[in-house]
Amino acid sequence: MAKGKINKTFVDNLELPAKGQKFYYDDVLMGFGIRVGAKVKAYFVQRDIAGRTVRTTLGRHGDITTNQARRTAEAMLVVMRQGVNPNERKRASQVRSITLGGAADLYLADNKLRAPKTIKSFHEAIRLHLSDWQKRPLAEITRQMVYDRHRRIGASSGKYAANAAMRSFRVAYRRAMRQHEDLPLCPTVNVDWFPEQPRDAAIPAEQLAALYKDTQAMPNAIRRDYYLFVLFTGLRRNSAEVMAWEHVDFDKDVLQIPNPKGGTTRAFVLPLSDYLVDILQRRRVENEQLFPGNAWVFPSAKAGSGHISEPKLTPKEKIAMAVPFSIHGLRHTWITAANAAGLSQYDIKMLANHSLPKGDVTAGYIGAHTESLRASQQQVTDYLWNYIIPADGA
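How each quantity is defined
- Residues numbered from 1 in each chain as written.
- Predicted model: local features only at pLDDT ≥ 70, side-chain atom pairs only at ≥ 80, totals over all residues.
- Heavy atoms only, no water.
- Pairing = 2+ DSSP bridges.
- Helix = DSSP H or I, 4+ residues; strand = E, 2+ residues; numbered from the N terminus.
- Expected span 1.5 Å × (residues − 1).
- Polar contact = N/O pair within 3.5 Å; in protein donor to acceptor, adjacent residues only side chain to side chain.
- Core = buried A, V, L, I, M, F, W, Y, C linked by side-chain atoms within 4.5 Å.
- Buried < 20%, exposed > 50% of the residue type's maximum accessible area, 1.4 Å probe, protein only.
- Arc of directions from axis to C-beta.
- Contact = heavy atoms within 4.5 Å.

## As for the pairing of strand E2 (residues 22–26)
Step number 1: Of the strand pairs in this sheet, strand E1 (residues 2–4) and E2 are connected by three bridges, and their pairing is parallel. By the bridge assignment, Ala 2 is partnered in E2 with Tyr 24.
Step number 2: Where E2 folds back onto strand E3 (residues 32–36) in an antiparallel hairpin, the turn is made up of five residues, including Gly 31, whose phi is positive at roughly 100°.

Shown next as structure tokens:
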């Protein structure tokens, strides 16, 4: 342990080591020292507190003078002799400074790819229901406050909005906890979550024939084929909306989905069943007559994008239908049919572009094999058709 009278001349003459660090201690003020690394010289103060050696940095040489560092060390050693750990005090100060707004920024700035819809929902939940907390330190937001706010949102905006707001709060808080380990447990542990029922439930198999009849009665052939394509593929709404002819390979009977939920890193190739190919061939012929040169599989003359957009059923259409449905409900129906048709969970996840289970060693070795998945896709198509047009014609 090197010692010496730490002054400006002493520090200036210290050589930077090629690697590692060297510590020099003042021979007058016990606990005051300078740490010399390959690029930086930094003053520190050190003392045992409760049987443990505590060292804290005072500042870099050049940013503060030697005399300033010595005076700061003298004052800090007085506090440390009283059993106060300056590092813990610093962490506590940092914890008090991180606000909900800061935590939200941390959450959005990480490297995880999120769909624009996810980011929009997060922003809206904070803006609409938690805006008055954005400048409040997280450490000051108590369990009781979170409980009360959740109940209040539920009463004014509904249980789904209340749960969504608290989920947004929770993901931001948990991201902040990774950076500030001294934050208390997330106060959403005190939330009594409102029960939620799936709002886009799968259509029962015995209603598929009526559903098909409803879609066939639609005057707009493009919307009709869009709904059927989603039903027979389980594609998400946006992925089906933005289908372009450049992504359809009729030679291999596959469809490329270049930018699904989760971004381009989740891009995948969807094998097509015989009926799906029929839909696409029909659309190619009819589109050329109605929208010559249009790049989209499901074009629209009204949408500024040139393709079908937000193709939800109107209230009038829902009343007229025997089986009203939502777009996501059609996806649920495909997944339910895939399970009933006997597909493995791995095949269902790959065709639906769901992530394979984390921690599943087997899943880590499974790769997408187009022809094997095509057989599974055809199996689901046959299952659906069996209920739409039973083999006995009933």
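## Quick word on the sheet that holds strand E8 (residues 268–271)
Step number 1: In spatial order, the strands read E6-E7-E8; together these three strands make up an open sheet with antiparallel pairing. A single partner strand is all that each edge strand has here, and the edge strands are strand E6 (248–249) and E8.
Step number 2: Across four bridges, strand E7 (residues 254–257) lies against E8 in antiparallel orientation. Counted as the bridge partner of Leu 255 is Leu 270 from E8.

## Comments concerning helix H9 (residues 221–233)
Step number 1: Its 13 residues place the ends of H9 18 Å apart at the C-alpha level, agreeing with the 18 Å of an ideal helix rising 1.5 Å per residue.
Step number 2: For H9, the N-terminal cap is Asn 220; the gap from its side-chain oxygen to the backbone nitrogen of Ile 222 is 2.9 Å.
Step number 3: Looking one or two residues beyond H9, the residue adopting positive phi is Gly 234, at roughly 75°.

## Section: the nonpolar core
Step number 1: Judged by nonpolar contacts, the single largest core of 51 residues is most densely connected at Phe 229, Leu 235, Met 243, Leu 255 and Phe 325.
Step number 2: Among the secondary structure elements, those contributing two or more residues to this core are helix H8 (208–216), H9, E7, E8, helix H11 (274–290), helix H13 (327–340), helix H14 (345–352) and helix H16 (370–388).
Step number 3: Among the nonpolar cores identified, the runner-up in size contains 25 residues, and Phe 122, Leu 130, Trp 133 and Met 166 belong to it.

## As for the side chain of Thr 66
Step number 1: Mapping Thr 66 onto the fold places it in helix H2 (residues 66–81).
Step number 2: There is a polar contact of 2.7 Å between the side chain of Thr 66 and the side chain of Tyr 43.

## Quick notes on H8
Step number 1: Every buried residue of H8 is listed here: Leu 208, Leu 211, Tyr 212, Asp 214 and Thr 215. Here the buried residues of H8 occupy an arc of 160° about the axis, which is enough to place them on one side.
Step number 2: Elements in contact with the buried residues of H8: H9, H11, H13 and H16.

## Quick look at the pairing of E7
Step number 1: Pairing between E6 and E7: two bridges, direction antiparallel. Bridge pairing in E7 places Val 248 opposite Leu 255.

## Digging into the environment of Trp 296
Step number 1: As for its placement among the helices and strands, Trp 296 is situated in the loop between H11 and helix H12 (315–320).
Step number 2: Look at Trp 296 and you get partly exposed, because its relative accessible area is 24%.
Step number 3: Between the C-alpha atoms of Trp 296 and Ser 131, which are 165 residues apart in sequence, the distance is 40 Å.
Step number 4: Sequence-distant contacts of Trp 296, defined by excluding residues within four places in its chain, comprise Val 242, Met 243, Ala 244, Trp 245, Asn 287, Ser 305, Gly 306 and His 307.
Step number 5: At a separation of 3.3 Å, a polar atom in the side chain of Trp 296 contacts the main-chain carbonyl oxygen of Ser 305.

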